[in-house]
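# A structural walkthrough
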Amino acid sequence: MSAIKFTLDNKFTNTFTADEIAENYPRQVMSAYSFVAPKKTAMPTLIASSELVAQQIGLTEEQVSSPEFLQLFSGNGLLENMQPFAMCYGGHQFGHWAGQLGDGRAINLAEIITPNNGHKTLQLKGAGPTPYSRTADGFAVLRSSVREFLCSEAMFHLGVATTRALSLSLTGDNVVRDMFYDGHAKAEPGAVVCRVSSSFIRFGSFQLPSSRKDLSLLTQLVDYVIERDFAHLGAPSTEVYLAWFNEVCNRTCKLVVDWMRVGFVHGVMNTDNMSIIGETIDYGPYGWIDNFDLNWTPNTTDANGKRYRFGVQAEIAQWNLFQLANAIFPLIKDVEPLEKALNNFSKNYQQQWQTMMAAKLGIELPVDAFTEGASSLERSLFIDLENLLMMIETDMTIFYRRLADLPDDKSFWLSHLKTCFYNENEITADYKSVLFNWLERYSQLRDNSNKHRSDISKAMNEVNPKYVLRNYLAQQAIELAEKQDYTLLKQLQKVLENPYDEQPEYDQFAEKRPDWAKNKAGCSMLSCSS
Ligand code: AMP
Ligand code: MG
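The residue count restarts for each chain, going from 1 along the sequence in the order it is written. In the order they appear in the text, chains get letters beginning with A and ligands get numbers beginning with 1. Reporting in this predicted model follows two pLDDT cut-offs: at least 70 for local features of residues, and 80 or more for side-chain atom pairs to be given and counted; totals over whole chains, interfaces and linings ignore these cut-offs and use all residues. Each side-chain value is derived from all of the structure's non-hydrogen atoms; neither hydrogens nor water enter the calculation.

## With respect to the overall build of the chain
Note the threshold: By definition, any uninterrupted DSSP run of H or I lasting at least four residues is a helix, any uninterrupted run of E lasting at least two residues is a strand, and each is numbered from the N terminus. The quantity called the radius of gyration is restricted to C-alpha atoms. Its globule counterpart is 2.2 Å times the number of residues to the power 0.38. A 1.4 Å probe rolled over the protein chains alone gives each residue an accessible area, and that area as a share of the maximum for its type sets the label: buried under 20%, exposed over 50%, partly exposed in between. The Shrake-Rupley method, run with a 1.4 Å probe sphere, supplies the accessible areas, and residue values consider only the shown protein chains as cover.
Each helix and strand in the chain was counted, giving 17 helices and 12 strands. Here the C-alpha radius of gyration of the chain, 24 Å, is about what a compact globule of 530 residues would show, namely 24 Å. In terms of its C-alpha atoms, the chain occupies a principal-axis envelope of roughly 70 × 55 × 50 Å. When burial is assessed residue by residue, the chain has 57% of its 530 residues classed as buried. With an accessible surface of roughly 22100 Å², the chain has 51% of that area assigned to carbon and sulfur atoms.

This is the structure we're talking about:
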């Protein structure tokens, strides 16, 4: 077997000046990054890996199962010329400027050139303290690492932009966490995930130098990102900066539309958790919608204000983009085009959301749907659907799949849809009349199309997943993994590789949340402790 070897690119570290202090202790850093070595682990074990990600970075299956892989991706061994580093960034947390944050428990192992000439950064999450760890330890526990590994891979296969996960390893060391912040700290197994992305730069990466009036670093960062990940926009100039900001707005818009399509709630949309290339990043206390509820947030830290609830993710994304606009303003020095881009975000979101809803429902939007003053039967149908789904507890994922093969005969409608309701007692006469009214309007609009019904349902099933990483399933996989049983974790990883396909052997993973999971920690709510 050939030894693991990467073509290193080291673009970030070669472009920016490193923090000149080499010791590893918490501090304010004025540079873009600090060199820092991952902490050696006691006895690492590889629990899971992604074949596709391995392939993408040029690793064979044999290499993935080698001891060298395990040592490298658990932080124990470096390849020649690897100079690991942690990045410096700031951010707004829950609406408040938090100053410097940075990679407190993430260490970039290497920036590599992939076999098809792309670039990827390999990043270890949970590999020990860095100058950005503030008062925390830099480690990660198994439960949060399982969640990151499974969810980022699931998102990829759902067609949602995301960072990927190459591997999940146990470190063999314990990590102490107070999971509910209630004074009951306990030792939990530590783990490391190797995440992979073209860029781990966040909105907060620009905010920090801007807040420090470091125009030189700010400009350098913007130029770097444009040249590296937005090269199609051309060489940096004021116009290109604006084109870039517009594209960041568009990518972020598309991302949130996709989250709304699949029922994903990020849970901590702080500006340091917003990827500049428009990927889902930082899987923390995220959650998946079981019963459709625009007001649901999975994050217990967010339970009061519900700032990051499902239904307002687009508004929050726009707020975050506004902070990014403020940060890059010194490069553009003109408010108007930035405001225009932000206003366009709302307009684009409205249009993309409607297009997405139309696809979910298998109806066609009229050609003039987005011209001003156009009456929109479709738009009211979408809004009314949200209200309908919230009237009684209705499983979002199952609802759309059942809708795809709604019988023509109305007398079968209710029995056909019954499986998506959590509580049959809630199906009152009032509810039934609202439901039937909506279904009648819906079928009329759907039948306006001259497409064949079977083609319509097929297309619906290509945007409405059958399988998502239901919160209780992730929690069950975690509880078993904590007992060294990885079968469920692997099954979930497998089934979520084809989330839109019927996989009858895995039907149990498409069922609605069981009652026991409704109010169980990890299944319905999560703390940030990870
Ligand atoms: P988050 O919102 O979870 O992405 O984290 C916010 C900030 O806290 C980032 O700077 C993280 O790197 C840092 N952080 C989170 N958990 C830890 C940890 N266990 N050790 C060190 N830093 C952490
Ligand atoms: Mg973060």
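## Regarding the packing of helix α12 (residues 396-404) against helix α15 (residues 453-461)
To be explicit about the condition: All axes here are fitted lines through C-alpha atoms, helices being fitted over the stretch that makes contact, and every angle between N-to-C directions spans 0 to 180 degrees. Roughly parallel means an angle under 35 degrees; roughly antiparallel, over 145; roughly perpendicular, 65 to 115; everything else is oblique. Whether a crossing is left-handed or right-handed is set by the direction in which the near helix is turned from the far one by less than a right angle, anticlockwise for left-handed and clockwise for right-handed. Residues count as neighbours in contact if any of their non-hydrogen atoms are within 4.5 Å of one another. When residue character is reported, Ala, Val, Leu, Ile, Met, Phe, Trp, Tyr, Cys and Pro are called nonpolar, Asp, Glu, Lys and Arg charged, and the others, Gly included, polar.
Running from amino to carboxyl end, α12 crosses α15 at an angle of 160 degrees, the nearest separation of the two axes being 8 Å. It follows that α12 is roughly antiparallel to α15 by the angle criterion. The chirality of how α12 crosses α15 is left-handed. Here α12 contributes Tyr400, Arg401, Leu403 and Ala404 to the contact with α15, which in turn contributes Arg453, Ser457, Met460 and Asn461. For the contact of α12 with α15, a count of residues per class yields 4 nonpolar, 2 polar and 2 charged.

## Re the domain arrangement of the chain
Worth spelling out the cut-off: Domain start and stop points were drawn from an automatic or database domain assignment.
Taken domain by domain, the chain holds domain 1 (7-199), domain 2 (205-361), domain 3 (377-448) and domain 4 (471-517). The C-alpha centroid of domain 4 is placed 30 Å from the C-alpha centroid of domain 2.

## Here's the deal with the site of ligand 1
Using the following cut-off: Definition of nearness: a residue and a molecule or strand are near each other if at least one heavy atom of the residue lies within 4 Å of the molecule or strand. Residues adjacent in sequence count toward polar contacts only when both atoms are side-chain atoms; beyond that, a polar contact is any pair of N or O atoms within 3.5 Å, and within protein one must be able to donate a hydrogen and the other to accept it.
Around ligand 1 sit 16 residues in total, of which Gly102, Gly104, Arg134, Gly138 and Asn273 are the nearest. Between ligand 1 and glycine 102, the relevant distance is 2.6 Å, taken from an oxygen atom to a main-chain nitrogen or oxygen of the residue. Taking arginine 134, its side chain carries an N or O atom lying 2.7 Å from an oxygen atom of ligand 1. Summarising the interface, the protein chains cover 81% of the accessible area of ligand 1, which totals 480 Å² for the free molecule. Here the residues of the shell around ligand 1 are counted per class, giving 3 nonpolar, 6 polar and 7 charged. Looking at which domains feed residues into the shell around ligand 1, each of domain 1 (7-199) and domain 2 (205-361) gives three or more.

## Observations regarding the state of the cysteines
Note the threshold: Two cysteine sulfur atoms make up a disulfide if the distance between them is within 2.5 Å.
Evaluation of the coordinates by the stated rule reveals 0 disulfides. Looking at cysteine 194, it has no disulfide partner, and the nearest cysteine sulfur is the one in cysteine 151, 17 Å off. For cysteine 194, a relative accessible area of 0% puts it in the buried group.

## What about the coordination of the magnesium ion (ligand 2)?
Cut-off, in case you're wondering: A 2.8 Å cut-off from the metal defines N, O and S donors, relaxed to 3.2 Å for Na, K and Ca; water is not in the atom list, so some sites may appear incomplete.
At 1.9 to 2.2 Å from the magnesium ion (ligand 2) lie its protein donor atoms, namely Asn273 (OD1) and Asp282 (OD). Residue asparagine 273 shares its accessibility class with aspartate 282, and that shared class is buried.

## Focus on the pairing of strand β10 (residues 186-197)
On a regular strand, one side chain projects to one face of the sheet and the next to the other, so that they alternate. Applied cut-off: We treat two strands as partners when DSSP finds at least two bridges between them.
Judged by how many residues are buried, β10 sits mostly within the fold: 9 of 12 residues are covered. Bridge analysis of strand β8 (residues 119-125) against β10 gives 5 bridges, and the strand direction is antiparallel. Directly across from lysine 125, in β10, lies its bridge partner valine 193. Summarising the sheet, strand β9 (residues 164-177) and β10 pair through 10 bridges and their orientation is antiparallel. Following the sheet pairing, valine 175 is matched in β10 by glutamate 188.

## Notes on helix α5 (residues 142-158)
For the record, the criterion: Here a helix's expected span is defined as the number of its residues, less one, multiplied by 1.5 Å.
Here α5 is 17 residues long and its end C-alpha atoms lie 24 Å apart, about the 24 Å a rise of 1.5 Å per residue gives. The buried count for α5 comes to 16 of 17 residues, which makes it a mostly enclosed element. A positive backbone phi angle near 85 degrees is found at glycine 159, which sits one or two residues after α5.

## Structural notes on the packing of aromatic side chains
The criterion, for reference: Any pair of Phe, Tyr and Trp rings, taking the six-membered ring for Trp, is counted once the centres come within 6.5 Å. Such a pair is stacked with planes under 30 degrees apart, edge-to-face with planes over 60 apart, and tilted for the rest.
Scanning all chains against the criterion turns up 26 aromatic pairs. Where phenylalanine 69 meets phenylalanine 73, the ring centres are 4.6 Å apart and the plane angle is 50 degrees; that geometry is what we call tilted. Separated by 4 residues within a single helix, phenylalanine 69 and phenylalanine 73 lie in helix α4 (residues 67-73), roughly one turn from each other. Both residues of the pair, phenylalanine 69 and phenylalanine 73, count as buried. Aromatic pair tryptophan 413 and phenylalanine 436: ring centres 5.4 Å apart, planes at 45 degrees, arrangement tilted.

## Quick notes on the side chain of serine 197
Locating serine 197 in the fold gives a position in strand β10. At a separation of 3.0 Å, a polar atom in the side chain of serine 197 contacts the main-chain carbonyl oxygen of serine 199. Within the structure, serine 197 has its side chain in polar contact with the side chain of glutamate 279 (distance 2.8 Å). Beyond its immediate stretch of four places on either side in the chain, serine 197 contacts Lys120, Thr121, Thr163, Ile277 and Glu279.

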